[in-house]
Amino acid sequence: MTPAMKNSAEAKHWTACISSPEEWKEFSRRLLHFAGNHRVIAFSGPMGSGKTTLIKEICRQLEVADVVASPTFAIIYEYRSRNSETVYHMDFFRIKSLEEVYALGYEDYLYSGSWCFIEWPEPVKHLLPPESVWVEISVDDTDLRRVRVSREKDTG
Amino acid sequence: MHVTILAIESSCDDTSAALVRNGIVLSNLIANQKVHRNYGGVVPELASRAHQQHVVPVVDQALKEAGVEKNRLSAVAFTQGPGLLGSLLVGVSFAKGLALSLGIPLIGVNHLHAHIMAHWAGEPGKKVKTPGFPFLCLLVSGGHTQLVVARGFLEMEVIGQTIDDAAGEAFDKCAKVLGIPYPGGPVIDRLSREGDPHAFAFARPRIGGLDFSFSGLKTSFLYLVHDEVEKNPRFIEERKADLSASIQHTIVEVLMDKLEKASEQTGIREIGIAGGVSANQALRDALEERAKRYGWNIYIPEFIYTTDNAGMIGVTAYYKYLAGERTGQETVPLARFPM
């Protein structure tokens, strides 16, 4: 581990390279540790980059017993972790406007204190609580993912 | 004695109301421009989330169309879940208020259960061919992909489901890769008629048992298109029909493989499909082909009953009513509501 990784809880951002699906497990641990008490995590990245796969792995670590699937159609799925905590899995892929987000009652979820894992978060990027965690996945080639984790979107 | 039920569905995008008498659907309306015109209003811009604006006009219209007075109702039914909490809440609250004011029972219905029960939705003067029990149903929609065994009207068991994307979502997202706006599934169906289903091969999911996975297939499609576009920028344009037909064929085969397996394992030959994707022509053709090959009796509800509609909620509520099932006024919507 590099020194930057050791201090990931304090660092503002870090990056990781994922070359096989098994590596999401270790990544998820680090991510949960980094997020700490800030429970809103946004996952951006192109289609097929592994957003749902990563969230499945995170939910496994939180001991969610429900089937974790893509909420693209449903927009919000609700799960329970083993200690009965609520986990929200959200997906704004088919949301077209901010007004639709308002109509959803987004603040009930994002400010609930529960885990919120958000796929396709672009429509809500200005509505996320401060200190939300951003996970940006880019696809280098078929098998390689570069992931940037930060407290703020699009900053150095 | 007649059992007349007003049913309300508001689990996701559409608000719908239906009148069901003795299991027969008298009216089944989904809020749209016409409903609003008759009520003297217009459809709001945010139609998909505006259940609040839709619910009164659509219920009013459903009662009028069925020619039923409110005071003749036996019960009020509503979709209790699963779905979006905010959307469900509108239907639940409306149903509670109405039932309370009329002094009649409330019946909460599981949305997925109702999709299966759509097979029993009859209409006045129309004979519907209904499945016998046990009945094996493949529920396929934008949000769901499940294999369900119904042992009775109220006995449902999920024996397989998707572990990532729903089949309808696979259609919609592959369509998006081809530049077709969401939800593009029906466009894929149309384009496929002109294309070769064997033009391209994609990685099939390797998942055991009766569960489904479509995420890898979507990615395989995406990579193929990306690679080909790099070589030829006009690739999508030139091969849209073949790409559509090939991905559709693959999705349908994946669904059929599991359905065959489920039939084999359970020994059930009363087999149906339900949910929005059951409108897909290739899926219907494949089901008919299997029916001939394996001697299945197959069932497909009419289109209106495959989408999210209150008719299926009312039909389900009718059988719950007969079984004496009632829901208390203290009830709440359930975003998470396994069948």
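Read on for an overview of the structure. Think of each chain on its own: its residues are numbered from 1, step by step along the sequence as written. As they are written, the chains are lettered A onward and the ligands numbered 1 onward, keeping that order. Side-chain atom pairs in this predicted model are given and counted only at pLDDT of 80 or more, local residue features only at pLDDT of at least 70, and totals for whole chains, interfaces and linings cover all residues. By convention in this description, side-chain values take in all heavy atoms of the structure and omit both hydrogens and water.

## Here we look at the packing of helix α2 (residues 51-66) of chain B against helix α3 (residues 85-102) of chain B
All names here are of chain B.
Stage number 1. Only C-alpha atoms enter the line fits that serve as axes; for helices the fit covers just the stretch in contact. Angles between N-to-C directions range over 0 to 180 degrees. Helix numbers and strand numbers start at the N terminus; a helix is a DSSP run of H or I with at least 4 residues, a strand a run of E with at least 2. Relative to each other, α2 and α3 sit at 40 degrees, their axes nearing to 10 Å. The two elements α2 and α3 meet at a crossing, and its hand is right-handed. Across the interface between the two elements, His51, Gln52, Val55, Val56 and Val59 from α2 touch Ser87, Val90 and Phe94 from α3.
Stage number 2. When residues are grouped by polarity, Ala, Val, Leu, Ile, Met, Phe, Trp, Tyr, Cys and Pro land in nonpolar, Asp, Glu, Lys and Arg in charged, and all others, Gly among them, in polar. For the contact of α2 with α3, the class distribution of residues is five nonpolar, three polar and no charged. Should the near helix be turned counterclockwise from the far one by less than a right angle, the crossing is left-handed, whereas a clockwise turn marks it as right-handed. Working rule for contacts: check all heavy atoms of both residues, and any pair within 4.5 Å makes them a contact.

## What to know about the layout of surface pockets
Stage number 1. Roughly 1100 Å³ of internal volume is contained in the largest pocket.
Stage number 2. A cavity here means a set of 1 Å grid points, computed over protein atoms only, where a 1.4 Å probe fits but cannot escape. A pocket is an open set with protein on both sides within 12 Å along at least 5 of 7 lines, and lining residues have an atom within 4 Å of a point. Lining of the largest pocket is provided by 38 residues; of these, Pro21(A), Thr53(A), Ser215(B), Gly216(B) and Thr219(B) occupy positions nearest its centre.
Stage number 3. Of all the elements in the fold, those that place two or more residues in the lining of the largest pocket are α2 (23-35) and α3 (51-61) of chain A together with α7 (215-231) of chain B.
Stage number 4. The greatest single-element share of the lining of the largest pocket, amounting to seven residues, is contributed by α7(B).
Stage number 5. Broken down by class, the residue content of the lining of the largest pocket amounts to eleven nonpolar, 13 polar and 14 charged. Grid points are joined across faces, edges and corners, and a volume is the space filled by probe spheres set on the points.

## Thoughts on the environment of Asp242(B)
Residues and elements named next belong to chain B.
Stage number 1. Within the fold, Asp242 resides in helix α8 (residues 235-266).
Stage number 2. Residues Asp242 and Thr79 lie 163 residues apart in sequence; the distance between their C-alpha atoms is 40 Å.
Stage number 3. In this view, Asp242 contacts Gly195, Asp196, Ala199 and Phe200; residues no more than four positions away in its chain are not counted.
Stage number 4. Residues adjacent in sequence count toward polar contacts only when both atoms are side-chain atoms; beyond that, a polar contact is any pair of N or O atoms within 3.5 Å, and within protein one must be able to donate a hydrogen and the other to accept it. A polar contact of 2.8 Å, which involves the side chain of Asp242, links it to the backbone nitrogen of Asp196.

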